[in-house]
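Residue-level structure breakdown
Listed below are the residues making up each chain.
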Amino acid sequence: YLIYCAASLSYTITWLGRFDEGRQWAEKSLAFCQEDGYQAAEGFAYLAVGYCLFLGGQYEQAQQRLTQALVSVREVNNYGTEATVHYALGCLALVEMAYDKAQLTFEESLRLYQAVQSDAYTALALCGLGFSTCCRGDLDRSRQYYIELLTSALKRKDFLYLLVAL
């Protein structure tokens with residue numbers, strides 16, 4: 001549990017704008033995994049490091065860590081975390097204005113979230129798809145993703161995604 005606590009703390013600290021401190025906590029989480037040989041959580045820890053680097057604007061390093069996360073989660077068949085890694089890679093592709101790549105990664109994220117039946121995270125992938133298709137100029141398809149997101153948010157009474165969809 002220490003691994004997940006350190007990784008979760010890294011997200012919180014990073015969202016507060018303390019990028020280096022957040023990354024340090026994420027790296028501690030990764031070190032705990034590697035010291036204990038806990039391969040099942042290693043992908044989650046790489047994901048945390050990648051997110052912190054991404055939010056800190058260190059995109060090349062974020063790409064490396066997220067790629068490591070993808071390899072790690074695939075080795076242990078952790079589909080939920082794999083979906084989140086694809087989502088993070090999609091966000092990174094958006095920043096790089098690689099909209100086709102973003103579209104493909106968000107589609108894979110959506111497929112995996114649906115496979116593990118995660119409604120809230122499925123909504124996250126729909127949000128990414130709506131934005132990436134809009135950036136690609138496919139406004140009709142973008143609108144379809146946002147309508148699906150809106151419908152899902154209303155069904156679950158998820159007001160955060162309801163606001164995003166609107």
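Right, let's walk through the structure included here. (Residues numbered from 1 in each chain as written. Predicted model: local features only at pLDDT ≥ 70, side-chain atom pairs only at ≥ 80, totals over all residues. Heavy atoms only, no water.)

Compared with an ideal rise of 1.5 Å per residue, which puts 18 residues at 26 Å, helix α2 (residues 19-36) spans 26 Å between its outermost C-alpha atoms and is within 8% of the ideal. Listing the buried residues of α2 in full gives Gly22, Arg23, Ala26, Ser29, Leu30 and Cys33. Projected down its long axis, α2 carries its buried residues within an arc of 115 degrees, all on one side. Exposed residues on α2 whose side chains face more than 90 degrees from its buried face are Glu35 and Asp36. In the segment just after α2, glycine 37 is the residue with positive phi, at about 65 degrees. (Helix = DSSP H or I, 4+ residues; strand = E, 2+ residues; numbered from the N terminus. Expected span 1.5 Å × (residues − 1). Buried < 20%, exposed > 50% of the residue type's maximum accessible area, 1.4 Å probe, protein only. Arc of directions from axis to C-beta.)

So, on to the packing of helix α7 (residues 119-135) against helix α8 (residues 139-156). Where α7 meets α8, the axes come as close as 8 Å, and the angle between the chain directions of the two elements is 160 degrees. On the basis of the axis angle, α7 is roughly antiparallel to α8. The two elements α7 and α8 meet at a crossing, and its hand is left-handed. On α8, the residues that touch Asp119, Ala120, Ala123, Leu126, Cys127, Leu129, Gly130, Phe131, Thr133 and Cys134 of α7 are Leu139, Arg141, Ser142, Tyr145, Tyr146, Glu148, Leu149 and Arg156. By residue class, the composition of the contact of α7 with α8 is eleven nonpolar, three polar and four charged. (Axes fitted to C-alpha atoms, helices over the stretch in contact; angles between N-to-C directions. Parallel < 35°, antiparallel > 145°, perpendicular 65-115°, else oblique. Left-handed = near helix turned anticlockwise from the far one by under 90°. Contact = heavy atoms within 4.5 Å. Nonpolar A, V, L, I, M, F, W, Y, C, P; charged D, E, K, R; others polar.)

Everything listed here is a matter of geometry and, on its own, says nothing about what the molecule does.
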